[in-house]
Amino acid sequence: MHTPGENLTIDEQLLAFRGRAVFRIYIPKKPAKYGLKLILCCDNKSKYLLGAIPYVAKQEPPPQGDLSLGHYYVRQLTRPYHQSNRNVTVDNWFTSIPLAIDLQSNCGLTLVGTIKSNKKEIPSQMRSMEGRIPGSSAFLYDDYMTLVSYAPLTKKGKSSKLVHLLSTMHSTPTLGDHGKPEVLLFYNSTKGGVDAFDQMCATYSCSRKTQRWPLCIFYGMLNAGGINSWIVHSANCTSAGRPPLRRRTFLMELAMELIRPWAQHRLTRPTLSCELVALIRSAFDLPSQPPQAAQAPEREVALLHNSYFNPEKRCRDCPGTAKKSNVANLLRRKWLTSLATRWILLITPPNSIGLEVHPAGIRDS
């Protein structure tokens with residue numbers, strides 16, 4: 001089982017979907033725009049997916065108590081890591097003052113994230129642009145939290161709006177590179193866990209266009225499983241002192257190993273076409289099939305007793321008015337005649353018994 005690092009990231013992922021679903025949403029800033037929204041929790045260092053919850057908006061019952069929807073998702077996704085002193089990085093859709101207090105007091109986790117400026121807990125002095133110099137920062141402290149109001153420095157030298165961040169991890173007004181607050185630098189370094197995971201899903205994806213939303217979710221699960229398995233493979237190879245496989249090569253080998261048992265099982269079916277048999281053997285480097293003449297009688301006997309052959313079923317060559325008994329007799333005669341001809345050709349060369357093979361069939365010479 002994968003053990004995450006000290007920083008967790010919670011963000012959204014949009015699975016492209018244009019079919020009918022009551023919880024399909026529209027996000028204009030996403031490349032797909034329409035799709036199914038998932039709330040993901042990833043390890044920021046390794047990008048390992050730790051948990052996911054589908055976002056169904058008004059279709060799900062409201063959270064218990066006074067919890068907001070973002071508060072509910074963060075608490076549920078971080079439940080396995082409560083009291084572990086890890087940090088959770090979120091964006092302004094999740095961040096709230098009650099969430100920060102709850103994680104700090106009851107869950108043993110710290111929170112760092114941007115917060116919307118229209119929150120009632122933010123004082124008006126922290127939201128005002130009056131008298132603010134571009135690149136300056138204002139700090140506000142509490143027993144649990146630190147609120148930062150940063151005026152970004154643009155190319156024109158003016159700040160159009162303020163950026164507000166909330167942190168229960170930082171307690172000192174420390175400035176980093178270019179005069180930016182340490183809270184902002186830490187947020188920028190830990191906010192990309194889910195975005196990087198989403199980008200990895202899009203690079204090598206098994207998703208296909210579908211009108212069924214369960215299949216869309218299943219494709220997303222396959223992509224996530226492939227990435228998680230590659231992350232575990234890379235960690236095992238690193239600890240063993242050998243270089244890991246590239247992700248593309250690893251996914252190809254993983255797919256072949258998943259297909260191999262079913263493909264080998266299909267080779268046991270007597271009705272499988274020769275072309276498909278050759279394709280399976282070449283794809284998986286299986287030994288070539290033994291001479292067909294030696295195993296022909298066993299194969300033909302298996303065909304006679306095969307449950308897939310139903311002589312009572314009508315074929316397209318038989319007239320629609322024919323009785324089923326006549327159709328069955330006709331099919332049996334044609335079937336036995338073809339089997340007998342194939343046996344003769346497999347066991348004895350054609351010229352030794354006076355038969356000539358023509359494109360139209362076999363005739364007596």
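Throughout what follows, the structure given in this document is the object of discussion. Here the structure is a predicted model, which is why all the values come from computation and not from measurement.

Topic: the packing of aromatic side chains
Stage number 1. By the definition in use, this model includes 8 aromatic pairs.
Stage number 2. A centroid spacing of 5.0 Å and a plane angle of 80° characterise the contact between Phe 23 and Trp 213, whose relative ring orientation is edge-to-face. Of this pair, Phe 23 sits in the loop between strand E1 (7-16) and strand E2 (25-26) while Trp 213 is found in helix H6 (residues 213-240), placing the two residues 190 residues apart along the sequence.
Stage number 3. On the basis of relative accessible area, Phe 23 is assigned to the buried category, the value being 14%.
Stage number 4. Aromatic side chains Tyr 55 and Trp 93 sit 6.0 Å apart centroid to centroid with 80° between the ring planes, which places their arrangement in the edge-to-face category. Residue Tyr 55 is found in the loop between strand E4 (49-54) and helix H1 (69-77), and its partner Trp 93 is found in the loop between strand E5 (87-90) and helix H2 (97-107); the two are separated by 38 residues along the sequence.
Stage number 5. Ring pairing ties together the aromatic residues Tyr 55, Tyr 72, Tyr 73, Trp 93 and Phe 94, which thus form one cluster.
Stage number 6. Sitting over the ring of Tyr 55, Lys 37 keeps its end group 4.5 Å from the ring centre.
Stage number 7. Here the basic side chain of Lys 37 rests over the ring of Trp 93, its NZ or CZ set 4.5 Å away from the ring centre.

With respect to the layout of surface pockets
Stage number 1. In this structure, the largest pocket encloses a volume near 840 Å³.
Stage number 2. Around the largest pocket sit 33 residues that line it, and Gln 13, Leu 14, Lys 30, Pro 31 and Asp 198 are the ones nearest its centre.
Stage number 3. Sorting the residues of the lining of the largest pocket by element identifies E1, E5, helix H5 (193-203) and H6 as the ones contributing at least two each.
Stage number 4. The element contributing the most residues to the lining of the largest pocket is E1, with 8 residues.
Stage number 5. Class assignment of the residues belonging to the lining of the largest pocket gives a composition of 13 nonpolar, 10 polar and 10 charged.
Stage number 6. Considering only enclosed or pocket space, the second largest pocket measures out at about 490 Å³ in volume.
Stage number 7. Around the second largest pocket, the lining comprises 17 residues; the ones closest to its centre are Ser 205, Cys 206, Asn 223, Leu 251 and Ala 255.
Stage number 8. When residues of the lining of the second largest pocket are traced back to their parent elements, those giving at least two are H6 and helix H7 (247-266).
Stage number 9. For the lining of the second largest pocket, the element with the highest residue contribution is H7, accounting for 7 residues.
Stage number 10. A per-class count over the lining of the second largest pocket returns 12 nonpolar, 3 polar and 2 charged.

Some details on H6
At 3.6 residues per turn, the α-helix brings residues three or four places apart onto the same side.
Stage number 1. Under the 1.5 Å per step criterion, the end-to-end length of H6 is 41 Å for 28 residues, consistent within 8% with the ideal 40 Å.
Stage number 2. Of the residues making up H6, those classed as buried are Cys 216, Tyr 219, Gly 220, Asn 223, Ala 224, Gly 226, Ile 227, Asn 228, Ile 231, His 233, Ser 234 and Cys 237.
Stage number 3. Looking at the buried positions of H6, the neighbouring elements they touch are E1, strand E3 (34-43), E4, H5 and H7.
Stage number 4. After H6 finishes, the residue Gly 241 shows a positive phi value of roughly 80°.

Conventions and cut-offs
Residue positions are given per chain, counting from 1 as you read along its sequence in written order. Restriction of local features to residues with pLDDT of at least 70 applies here, the model being predicted, together with a cutoff of 80 or more for giving and counting side-chain atom pairs; totals for whole chains, interfaces and linings are based on all residues. Side-chain metrics in this entry use all non-hydrogen atoms of the structure; hydrogen atoms and water are not considered. In this analysis, rings of Phe, Tyr and Trp, with Trp reduced to its six-membered ring, are considered paired at centre separations within 6.5 Å, and the interplanar angle assigns stacked below 30 degrees, edge-to-face beyond 60, and tilted for intermediate values. Secondary structure counts use DSSP, requiring at least four H or I residues in a row for a helix and at least two E residues in a row for a strand, with both numbered from the N terminus. Each residue's exposure class comes from its accessible area (1.4 Å probe, protein chains only) as a fraction of the maximum for that residue type: buried when under 20%, exposed when over 50%, partly exposed otherwise. Cation placement over rings: the criterion is NZ of Lys or CZ of Arg within 6 Å of the ring centroid and within 35° of the ring normal. For each structure, a 1 Å grid was placed over the protein atoms alone; sets of points admitting a 1.4 Å probe that cannot get out are labelled cavities, open sets with protein on both sides within 12 Å along at least five of seven lines are labelled pockets, and lining residues have an atom within 4 Å of a point. Grid points are joined across faces, edges and corners, and a volume is the space filled by probe spheres set on the points. Residues are grouped as follows: Ala, Val, Leu, Ile, Met, Phe, Trp, Tyr, Cys and Pro are nonpolar; Asp, Glu, Lys and Arg are charged; every other residue, Gly included, is polar. Multiplying 1.5 Å by the residue count of a helix minus one yields the expected span of that helix. Only heavy atoms enter the contact rule, under which two residues are in contact if any of them lie within 4.5 Å.

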